[in-house]
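Analysis of the macromolecular model
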Amino acid sequence: MKNLQKSEKIFTSLSNSLIEKGNKMTFQERKVDIINLAFGGGTPLKAFLTACVVGTILTTINHGDGILAGDYPHPIKVALTYCVPYIVTTWGAITGKLQRIATNVQNFLNQNKILELSFFNFENAITAAYYADSNLKVIKANKNFSAFFPSLGNINDDYFPNVLEKIGVSSGQIETFKSDIEEKGSVFIPKIEISSNGENRVFSLLSTKTDNDSFGYLNGIQGQLIDRSSEFSFKE
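A quick note: this is a predicted structure, and the numbers were derived from the prediction, not measured.

Under the defined criterion, the tally for this structure stands at 7 aromatic pairs. With a centroid separation of 5.3 Å and an interplanar angle of 45°, the aromatic rings of Phe149 and Phe203 are classed as tilted. Taken together, the residues Phe149 in the loop between α7 (143-148) and α8 (160-166) and Phe203 in strand β4 (residues 199-210) connect sequence positions 54 residues apart. Across the pair, Phe203 and Phe149 agree in class, each one buried. What links up through ring pairs into an aromatic cluster is the set Tyr130, Phe145, Phe148, Phe149, Phe160, Phe177 and Phe203.

Rendered as structure tokens:
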């Protein structure tokens, strides 16, 4: 039951640590980062080759006639002709790397990806796990949910109490679920008798509200239906 909350804490901790690290970064560290952007990843070689080609072309265009006539341009002008494409290529590489970093950060903070990662611990659980928003609309359900209750199909965007009704949960237990989740913030119904796949089975329903200050869209309801048929059969 705590898996999703643990995942949320990891994301919150990571985002806070990134912000804190950025705030505490010294001038020297920022300088090193700029140096890495400018001179890392083969940028100097690319800039040098570009400068050689573009600089030679520009020198030929601007001073070719004079050179052929024996009137050579000032060395500083020639040097600048080669330096400009080197600097432009280096700057382009830096901005390109920054854009890729920004894109990666945006992808990391993408709502759907975070929801997927937050639900990762439940994805392969042996229970029928679900995650719903604060209005009890199902956001995600794991594979076992459809395996336990194949007649349901895809329950994404369904109102979870309606899902419970479809699988045969009594109206009294559904009302208990809704009132407990609203008033207490959590639900535990130890014994729910359901006919699943032509068999009479017994499940326990556990659900709790989730609360995350950093990622508001993770606030909702998480829960699991646990198959306890074997346990109850043994008791009988």
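On the surface, Val53, Val54, Ile57, Leu58 and Ile61 cluster together into a nonpolar patch covering about 420 Å² of accessible area. Inspection of the secondary structure puts Val54 in helix α3 (residues 43-68).

A regular strand places its side chains on the two faces of the sheet in alternate fashion. By the criterion of burial, strand β5 (residues 220-227) is predominantly enclosed, with 6 of the 8 residues buried. Direction of pairing for strand β1 (residues 128-133) relative to β5: antiparallel, over a ladder of 6 bridges. Bridge pairing in β5 links Tyr131 to Gln222. As defined by bridge partners, β4 adjoins β5 across 8 bridges and the pair is classed as antiparallel. Across the sheet, the residue bridging to Ser207 is Gly223, located in β5.

What follows covers the side chain of Thr59. In this structure, Thr59 sits in helix α3. Each residue touching Thr59, except ones within four places of it in the same chain, is listed here: Gly64, Ile67, Val78, Thr81 and Tyr82.

Rules used in this analysis
Residues numbered from 1 in each chain as written. Predicted model: local features only at pLDDT ≥ 70, side-chain atom pairs only at ≥ 80, totals over all residues. Heavy atoms only, no water. Phe/Tyr/Trp six-rings, centres within 6.5 Å; stacked < 30°, edge-to-face > 60°. Helix = DSSP H or I, 4+ residues; strand = E, 2+ residues; numbered from the N terminus. Buried < 20%, exposed > 50% of the residue type's maximum accessible area, 1.4 Å probe, protein only. Patch = residues over 30% accessible without salt bridge, like charges linked within 9 Å, V, L, I, M, F, W, Y side chains within 5 Å. Areas by Shrake-Rupley, 256 points an atom, 1.4 Å probe, with all protein chains shown as cover. Salt bridge = Lys/Arg side-chain N within 4 Å of Asp/Glu carboxyl O. Pairing = 2+ DSSP bridges. Contact = heavy atoms within 4.5 Å.

Interpretation note: all reported values are geometric properties and have no functional meaning in isolation.
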